[in-house]
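Below, each chain spelled out in residue letters.
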Amino acid sequence: MIIQTLMPLLVLQASAPATPPNPEWNCDDPQYQQEMNWCAGQRFVEADTALNAQWAITADEMKARDASYAEFDFNTGDDRPGWFASLLEAQRAWIKFRDAHCRVDGYTARGGTLEPLLVSSCKTALTLDRTEQLRALATAPF
């Protein structure tokens, strides 16, 4: 639900070219704190867009596994949630973890101009890691 609710906004952000507030800014070699903060924010948007694309692939795979599993009558009394329900629960928990963890990481420079860079960089790193985790789940044998 969270991912589906945010998806149209993320697609809109990803499809619009990112124009820096200052045309002189260069994310290949940022020189000023505002420029560094903006560039770090853009890297997070890119990582989040990739995560959402992988989420769609992994979610579809988990739904397919649920459907395949339902075809078998194992008569095991297994009443645990399925693949997709478990994935969704994990993703919701991961988003809360990422946001809280990176907020704490940013507190190293709490209230300072460096704080947004720390938060964005943390969110980018965790998001790239999570994208790989989702990819691994989608391709794991079943």
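Refer to the structure above for everything that follows.
Residues numbered from 1 in each chain as written. Predicted model: local features only at pLDDT ≥ 70, side-chain atom pairs only at ≥ 80, totals over all residues. Heavy atoms only, no water.

> Can you tell me about the packing of helix α3 (residues 83–106) against helix α4 (residues 115–139), naming the residues and giving the values?
How two helices sit against one another is set out by the angle between their axes and by the gap between those axes. For the pair α3 and α4, interaxial distance at closest approach is 8 Å and the crossing angle is 155°. Here α3 lies roughly antiparallel to α4, going by the angle between them. Once α3 is placed against α4, the crossing between them reads as right-handed. Between α3, through L87, A90, Q91, W94, F97, R98, D99, H101, C102, D105 and G106, and α4, the contact on the second element is made entirely by E115, L118, V119, C122, K123, L126, T127, R130, L134 and L137. When the residues that make up the contact of α3 with α4 are grouped by side-chain class, the tally is eleven nonpolar, four polar and six charged. (Axes fitted to C-alpha atoms, helices over the stretch in contact; angles between N-to-C directions. Helix = DSSP H or I, 4+ residues; strand = E, 2+ residues; numbered from the N terminus. Parallel < 35°, antiparallel > 145°, perpendicular 65-115°, else oblique. Left-handed = near helix turned anticlockwise from the far one by under 90°. Contact = heavy atoms within 4.5 Å. Nonpolar A, V, L, I, M, F, W, Y, C, P; charged D, E, K, R; others polar.)

> Summarise a nonpolar patch on the surface; cite the residues concerned and give the values.
Residues Y69, W83 and F142 make up a contiguous nonpolar surface patch of about 310 Å² in total accessible area. Note that F142 resides in the segment after α4. (Patch = residues over 30% accessible without salt bridge, like charges linked within 9 Å, V, L, I, M, F, W, Y side chains within 5 Å. Areas by Shrake-Rupley, 256 points an atom, 1.4 Å probe, with all protein chains shown as cover. Salt bridge = Lys/Arg side-chain N within 4 Å of Asp/Glu carboxyl O.)

> If you had to explain α3 to someone new, which residues and values would you point to?
Look at α3: 34 Å from first C-alpha to last across 24 residues, which is about the 34 Å you get at 1.5 Å a residue. Turning to α3, its buried residues number three or more, namely F84, L87, L88, Q91, W94, I95, R98, C102 and G106. (Expected span 1.5 Å × (residues − 1). Buried < 20%, exposed > 50% of the residue type's maximum accessible area, 1.4 Å probe, protein only.)

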